[in-house]
Amino acid sequence: MISVEAWKERQNLHNRVRNFFLKRGLLEVDVPILSTACGTDPQLDYFETLSPTRYLATSPEFYMKRLLANGYGDIFCLTHAFRKGESGERHNCEFSIAEWYRIGFSAEDLQQEILDLANEITGLSLPLKRTTWKQLFEKIDIEKLKAEHPDWTLEEIEDCAISEPDLGKNCAEFIVDYPPERAALSKIRNNVACRFELYINGIELCNGYEELTDAKEQRKRFADDVEKRKKLGKLVPKIDEDFLSALEKGIPECSGVALGLDRLYMLAMGKNDINEVMNAI
């Protein structure tokens, strides 16, 4: 349990995050934490309830996109998210998240806004740096990692490599131009995924996309994910048909991002452990 003094500092930061979005004209929304379906990302594990089956949200993304399809425009949500099996200095199975969507924004436009938020909340004046996925892995010995971890999948090896502490050293480093097989819910353009992640001083802060709006392509990606989950022996969740219906109805061209607030507050408060900035279980 963190001290009341630390909590007051955190709450001040939280209010400043909310005001950042309100000043820029975004509409704050509140969405359910429990749902009858969930995402299919093979790298995530979900909390599931019984009778009837419900899932704790790993992010508010799917419901927020349903709001986009109904004309809500630029929106943001400050809420909690849940991911099973995550714990440590930078992880907790329940955590605070800021997610927002900007109509007509490119991935680059959104990256600048994320940097504006990060600098405002942390008090830093970090420059923006972009590193492509290809450039990143030109500096990493993947074959060595394969030899050290023969039982790992290629994705697990790549995830280990991308967590190196020098990413974002004295800058806001966005990893961009992901390979198509890692597109997740992003568009693919010129054979690269319009996806990005931000690192500051070795801490991963967010994951963002130029959003995929093609329901048919998204359904195919869900099906591919389900097959990967089966091979890994993981829970196969119910596909979110309401989300796919929103894509079929049509969401505007936009970019969106999910940012871990607890990690942002770690940077702002000068802490090295996520448990120093949150009341964790």
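Residues numbered from 1 in each chain as written. Predicted model: local features only at pLDDT ≥ 70, side-chain atom pairs only at ≥ 80, totals over all residues. Heavy atoms only, no water.

(A) The arrangement of the nonpolar core in detail. Within the largest apolar cluster, 39 residues are counted, with the highest numbers of intra-cluster contacts made by Val17, Phe21, Trp100, Ile114, Phe196 and Leu264. Considering each element in turn, this core owes the most residues, 7 residues, to helix H3 (residues 107-122). Contacts of Phe21, omitting those with residues within four sequence positions, involve Leu26, Phe76, Leu78, Trp100 and Leu117. (Core = buried A, V, L, I, M, F, W, Y, C linked by side-chain atoms within 4.5 Å. Buried < 20%, exposed > 50% of the residue type's maximum accessible area, 1.4 Å probe, protein only. Helix = DSSP H or I, 4+ residues; strand = E, 2+ residues; numbered from the N terminus. Contact = heavy atoms within 4.5 Å.)

(B) Just the pattern of salt bridges, in detail. If you walk through the whole model with that rule in mind, you get 22 salt bridges. A salt bridge links Glu197 to Arg195; its shortest N-O distance comes to 3.4 Å. Using a relative accessible area of 8% as the deciding quantity, one classes Glu197 as buried. According to the relative accessible area criterion, Arg195 is buried, its value standing at 12%. Connected through shared salt-bridge partners, Arg24, Asp74, Arg102, Glu113 and Asp116 make up one network. (Salt bridge = Lys/Arg side-chain N within 4 Å of Asp/Glu carboxyl O.)

(C) View of the sheet that holds strand E1 (residues 27-28). In space, the 8 strands of this open sheet follow the order E1-E5-E6-E13-E12-E11-E8-E7, with mixed pairing throughout. Taken across any chain shown, the strands that pair with only one partner, and hence form the sheet edges, are E1 and strand E7 (128-132). Examined bridge by bridge, strand E11 (residues 195-200) and strand E12 (residues 203-210) share 6 bridges and lie antiparallel to one another. By the bridge assignment for E12, Glu197 is matched with Asn207. Most of the contacts of helix H2 (residues 61-69) go to strand E6 (residues 94-103), to which it runs at about 25°, and overall it touches strand E5 (75-82), E6, E12 and strand E13 (254-260). (Pairing = 2+ DSSP bridges. Axes fitted to C-alpha atoms, helices over the stretch in contact; angles between N-to-C directions.)

These results come straight from atomic positions and should not be treated as a statement about function.
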